Amino acid sequence: MGVHNGSCHCGAVTFRITAEITELTTCDCSLCRKKNALMTKVHESALTILSGEDVLTLYQWNTRRAKHYFCSRCGIYTFHRKRAAPDHYGVNIQCLDGFDASAIPLRQASGADMSVVDPAPRPEWPGPRTA
């Protein structure tokens, strides 16, 4: 089992994931495109916040099922609780200390195809409208 420590840019938020990283994903939803996310998926039991939980800022949109966490001091996206798999986190692998992603397969996730159910969706949010 791999153990990987990570942090935001300023170091206020530190965390550890205990998991083998076998796949990386990008997502084409409007949020992931703008934050240029490169993630790995881990079960909630594999993520431990070591410090800075009190400085994490939560961002939610659309269905508000996914919970995106950012450091409130430096603004770095660290991880998010996934909409499609709420018992898993997507972890920003760019936050992992010394992690070499060059040999890990990359998969494009299709977030743009997920339903937009917000009562007042922005036009920039792709996906089928259900509200």
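The structure under discussion appears in the preceding block.
Residues numbered from 1 in each chain as written. Predicted model: local features only at pLDDT ≥ 70, side-chain atom pairs only at ≥ 80, totals over all residues. Heavy atoms only, no water.

Caption draft 1: The arrangement of the nonpolar core in detail. In terms of nonpolar packing, the biggest core is built from 23 residues, with Phe15, Ile17, Val42, Phe79, Tyr89, Val91 and Leu96 touching the most fellow members. Contacts of Tyr89, omitting those with residues within four sequence positions, involve Thr40, Lys41, Val42, Glu44, Leu47, Tyr69, Phe79, His80, Arg81 and Lys82. (Core = buried A, V, L, I, M, F, W, Y, C linked by side-chain atoms within 4.5 Å. Buried < 20%, exposed > 50% of the residue type's maximum accessible area, 1.4 Å probe, protein only. Contact = heavy atoms within 4.5 Å.)

Caption draft 2: Region of the structure containing the environment of Gly98. Note that Gly98 resides in the loop between β9 (88-92) and β10 (106-109). In this structure Gly98 comes out as exposed when scored by relative accessible area, which is 84%. Remark: the alpha-carbon pair of Gly98 and Gly6, spanning 92 residues in sequence, is separated by 8.9 Å. (Helix = DSSP H or I, 4+ residues; strand = E, 2+ residues; numbered from the N terminus.)

Caption draft 3: Quick peek at the sheet that holds strand β1 (residues 3-7). If you walk across this open sheet you meet the three strands as β1-β2-β5, and the pairing is antiparallel. With one partner strand each, in any of the chains shown, β1 and β5 (47-51) form the two edges of the open sheet. Between one strand and the next, the sheet's axes are offset by a mean angle of 25 degrees, whatever the strand orientation. Summarising the sheet, strand β2 (residues 14-18) and β5 pair through four bridges and their orientation is antiparallel. Considered in β5, the bridge of Thr14 is made with Ser51. (Pairing = 2+ DSSP bridges. Axes fitted to C-alpha atoms, helices over the stretch in contact; angles between N-to-C directions.)

Caption draft 4: Layout of the layout of surface pockets. Looking at the second largest pocket, its volume works out to about 160 Å³. Taken together, 13 residues form the lining of the second largest pocket, with Ile76, Tyr77, Asn92, Gln94 and Cys95 sitting closest to its centre. (1 Å grid on protein atoms, 1.4 Å probe; cavity = no way out; pocket = protein on both sides within 12 Å on 5 of 7 lines; lining within 4 Å. Points joined across faces, edges and corners; volume = space filled by probe spheres on them.)

Interpretation in functional terms is not warranted from these geometric data alone.
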